[in-house]
Amino acid sequence: MKYTVSIEVALPRERVAQLLADPAHMSKWLRGLVLHEPLSGVHGQVGTTSRVVMQAGKQKMECTETVTRREPADLRGIPKGQVVHFDREIVGEGMWSAVRDRLTEAGPEATLWASESEYRFSGVMMRLVGLLMPGAFRKQSHQHMQDFKAFAEQGKDVREAKG
């Protein structure tokens, strides 16, 4: 299964890249994040492997994330017109995923964030979930983007959301 979702954030591309890459902010916009800890390497750097735990209601999922691309490596002074790339592979029980994020300038104070996701499932349960609920994956990806936009533009923290 593959899909792409995108959103425009009303901040310069360099600022969006820095906010996305900063582990101190992840729990403020990544709804359901319980834990994101590097097992090897430095957070966000190519080759770094991290343990990630997410929770939705009573459902908890643990997976391993490996950063496969980050360009440019230094997120300060990014040349005008350069596309920022954040790619990672995520492996969990019955699932493999690749996420390729691209940040492009949409104007002097605006950034287009496009995220391409690819999923492969193994095991009967995960194949059924992928087959019967493909829209749920796209919806969750879009929700994460909307939460990031609200955090980046207005300082909203998903942990403070009511209901």
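None of these values were measured; they are calculated from a predicted model. (Residues numbered from 1 in each chain as written. Predicted model: local features only at pLDDT ≥ 70, side-chain atom pairs only at ≥ 80, totals over all residues. Heavy atoms only, no water.)

Moving on: the sheet that holds strand β6 (residues 95-107). Reading across the sheet, the seven strands line up as β1-β7-β6-β5-β4-β3-β2 and stay open at both edges, with antiparallel pairing between neighbours. Every other strand in the sheet has two partners, leaving β1 (2-9) and β2 (33-40) as the edge strands with one partner each. For this sheet the average axis-to-axis angle between neighbouring strands, irrespective of direction, equals 25°. Contacting β1, β3 (49-56) and β7 (110-121), helix α4 (residues 134-154) runs over the sheet at an angle of about 15° to β1. (Pairing = 2+ DSSP bridges. Helix = DSSP H or I, 4+ residues; strand = E, 2+ residues; numbered from the N terminus. Axes fitted to C-alpha atoms, helices over the stretch in contact; angles between N-to-C directions. Contact = heavy atoms within 4.5 Å.)

Close contact between helix α1 (residues 13-21) and α4 brings their axes to 11 Å; oriented N to C, the two are set at 115°. Classified by the angle their axes make, α1 and α4 are roughly perpendicular. Note on packing geometry: the crossing formed by α1 with α4 is right-handed. Where α1 approaches α4, its residues Val16, Leu19 and Leu20 are matched on the opposing element by Phe148, Phe151 and Ala152. For the contact of α1 with α4, the per-class residue count stands at six nonpolar, no polar and no charged. (Parallel < 35°, antiparallel > 145°, perpendicular 65-115°, else oblique. Left-handed = near helix turned anticlockwise from the far one by under 90°. Nonpolar A, V, L, I, M, F, W, Y, C, P; charged D, E, K, R; others polar.)

Cis geometry is found at the peptide bond from Glu71 to Pro72, where omega equals -5°. With respect to the element layout, Pro72 can be found in the loop between β4 (59-71) and β5 (84-92).

Let's shift gears to the pattern of salt bridges. On inspection of all chains with the given rule, the structure shows 15 salt bridges. Between Glu65 and Arg88 there is a salt bridge; the shortest N-O distance is 3.4 Å. Highlighted residues: Glu65 in strand β4 and Arg88 in strand β5, separated in sequence by 23 residues. Assessed through its relative accessible area of 11%, Glu65 is described here as buried. Of the residues examined, Arg88 reaches a relative accessible area of 22% and is grouped as partly exposed. Notably, a salt bridge pairs Glu105 with Lys80, separated by 3.7 Å at the nearest N-O pair. Taken together, the residues Glu105 in strand β6 and Lys80 in the loop between β4 and β5 connect sequence positions 25 residues apart. Assessed through its relative accessible area of 34%, Glu105 is described here as partly exposed. Each of the salt bridges in this network shares a partner with another, and the network as a whole consists of Arg100, Glu116, Glu118 and Arg120. (Salt bridge = Lys/Arg side-chain N within 4 Å of Asp/Glu carboxyl O. Buried < 20%, exposed > 50% of the residue type's maximum accessible area, 1.4 Å probe, protein only.)

Judged by relative accessible area, which is 16%, Pro72 ranks as buried. Along the chain, Pro72 and Phe86 lie 14 residues apart, while their C-alpha atoms are 9.1 Å from each other. Excluding its chain neighbours within four sequence positions, the residues that come into contact with Pro72 are Ile78, Gln82 and Val84.

Before going further, it helps to spend a moment on the nonpolar core. Counting residues in each nonpolar core, the largest one holds 33 residues, and the members touching the most others are Leu20, Phe86, Leu103, Trp113 and Phe148. For this core, the secondary-structure elements that each account for two or more residues are β1, α1, α2 (26-29), β3, β5, β6, β7 and α4. Phe148 has contacts with Val9, Val16, Leu19, Leu20, Trp29 and Trp113, leaving out every residue within four places of it along the chain. (Core = buried A, V, L, I, M, F, W, Y, C linked by side-chain atoms within 4.5 Å.)

Take the side chain of Arg70 next. Among the secondary structure elements, Arg70 is positioned in strand β4. In terms of polar contacts, Arg70 uses its side chain to reach the backbone carbonyl oxygen of Gly44, at 3.5 Å. In this structure the side chain of Arg70 is engaged in a polar contact, spanning 3.3 Å, whose partner is the backbone oxygen of Ala73. When neighbours within four sequence positions are excluded, Arg70 is seen to be in contact with Ala21, His43, Gly44, Gln45, Val46, Leu75, His85 and Phe86. (Polar contact = N/O pair within 3.5 Å; in protein donor to acceptor, adjacent residues only side chain to side chain.)

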